[in-house]
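The lines below spell out each chain.
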Amino acid sequence: MPDGVCIICGGPLVDWFKAPGDWRKPDADISFNLRRCPKDGYGRIDPIPQQAVLDDHYMIEGYYTQERSNKAKSGPPSLPWRAMARFAKTVDTGVKNRKTLIADELKRRGGADVLEIGCGHGDNLVALSEHGFEAYGIEPDPDAMAADPDFPATVHRGTAEDPPSFYDGRTFDGVVMSHVLEHCVDPAKAMRTVRRFLKPGGIAYIEVPNADCVDFRSAKLAWPHLGVPRHVHFLNGDHLEALATEAGLEVLSRTHLGYMRQFTPGWHTFGDEMRAFYRGKTGAGTLKEWGIPYYMWLLAMTAFAPKRYKYDSVAVLLTVKE
């Protein structure tokens, strides 16, 4: 993938902001430049780090693939947090449960089997198995929960760009890739893998952090989904649709997830840990201690905003283009 070039439109990338280090690996003496396309808003680390660097930054304690929940721990929510969460719930019209959405769509189409690429802690596969589907997975992390020999689904080691030979020639009624595409060095190639494994008439579900959301635009280095350098690309719904279309997939729908969690103490704790790490570092700019007033402002700005700015994640439902 050429440095400085947008994978969506082919135009030049311009400087966006700098991540002076990785908050999850504080002893690593390295910074990452983020650039974005002024035409379509696509962003990424540029240049993309060498694979050895990327691999090293996955070697962190408590990574989410290795445990059932990666939520930051916090005490009981105070009255302001409870009030914000209660109001956020009343204006949250996004998808509440991706597993149910995928299962319902597969059942509607008479699907029998499903492949999840990047199955991580395995929660999606377990749920889909419980819905009666024959579940398979691909996972690069040998320490991930889904890679355990006793995990109740067939999982093989590999990536979206380099899937295991075990699946050569196989296709599935459903393909799931949830919070994976942003990790891929080559998202276009990963999307072609989805097309390769999807049966005609089947459905694919692709979800990524939403780079259009107000929280990211405001918080940047303190956004819990930043994840640099494990997150290489910063995508929105338009980018997902463009990559899918280029891969020979038809977009059935776009949906959004993750509103209420932005107004929980756990989300705030994640952001605070990131802010504390980056505060004062050269190139990070000013990162103030925002606290509850920031989240009150965020709630006011997003409660009735268009979905593309409101939700922290975006997903598309796809099928094979006829």
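One structure accompanies this document, and this report is about it.

### As for the packing of aromatic side chains
Across all of its chains, the model carries 20 aromatic pairs by this definition. Residues Phe87 and Phe304 carry aromatic rings whose centres are separated by 6.4 Å and whose planes lie at 75° to one another, so their mutual orientation is edge-to-face. With a gap of 217 residues between them, Phe87 in helix α2 (residues 79–90) and Phe304 in the loop between α9 (291–302) and α10 (307–310) connect regions that are remote in the sequence. On the accessibility criterion, Phe304 (70% relative accessible area) is exposed. For the ring pair Tyr167 and Phe172, a centre distance of 5.9 Å and an interplane angle of 70° mean the geometry is edge-to-face. Given the relative accessible area of 0%, Tyr167 is considered buried. Joined through ring pairs, the aromatic side chains of Trp16, Phe17, Phe216, Trp223 and Phe234 make up one cluster.

### Observations concerning the sheet that holds strand β7 (residues 172–178)
Overall, mixed pairing links the 7 strands, which are arranged β6-β5-β4-β7-β8-β11-β10 in an open sheet. If you trace the sheet from one side to the other, it starts and ends with β6 (154–156) and β10 (249–257), each paired once. Across the sheet, the mean angle from the axis of one strand to that of its neighbour is 15°, orientation sign disregarded. The pairing of strand β8 (residues 198–209) with strand β11 (residues 313–320) spans 6 bridges and is classified as antiparallel.

### Some remarks on the environment of Thr171
Counting through the fold element by element, Thr171 comes out in the loop between β6 and β7. A sequence separation of 66 residues divides Thr171 from Glu105, and the C-alpha atoms of the two residues are 17 Å apart. With near-sequence residues (within four places) excluded, Thr171 lies in contact with Asp113, Arg196, Phe197, Leu198 and Lys199.

Procedures and definitions
- Residues numbered from 1 in each chain as written.
- Predicted model: local features only at pLDDT ≥ 70, side-chain atom pairs only at ≥ 80, totals over all residues.
- Heavy atoms only, no water.
- Phe/Tyr/Trp six-rings, centres within 6.5 Å; stacked < 30°, edge-to-face > 60°.
- Helix = DSSP H or I, 4+ residues; strand = E, 2+ residues; numbered from the N terminus.
- Buried < 20%, exposed > 50% of the residue type's maximum accessible area, 1.4 Å probe, protein only.
- Pairing = 2+ DSSP bridges.
- Axes fitted to C-alpha atoms, helices over the stretch in contact; angles between N-to-C directions.
- Contact = heavy atoms within 4.5 Å.

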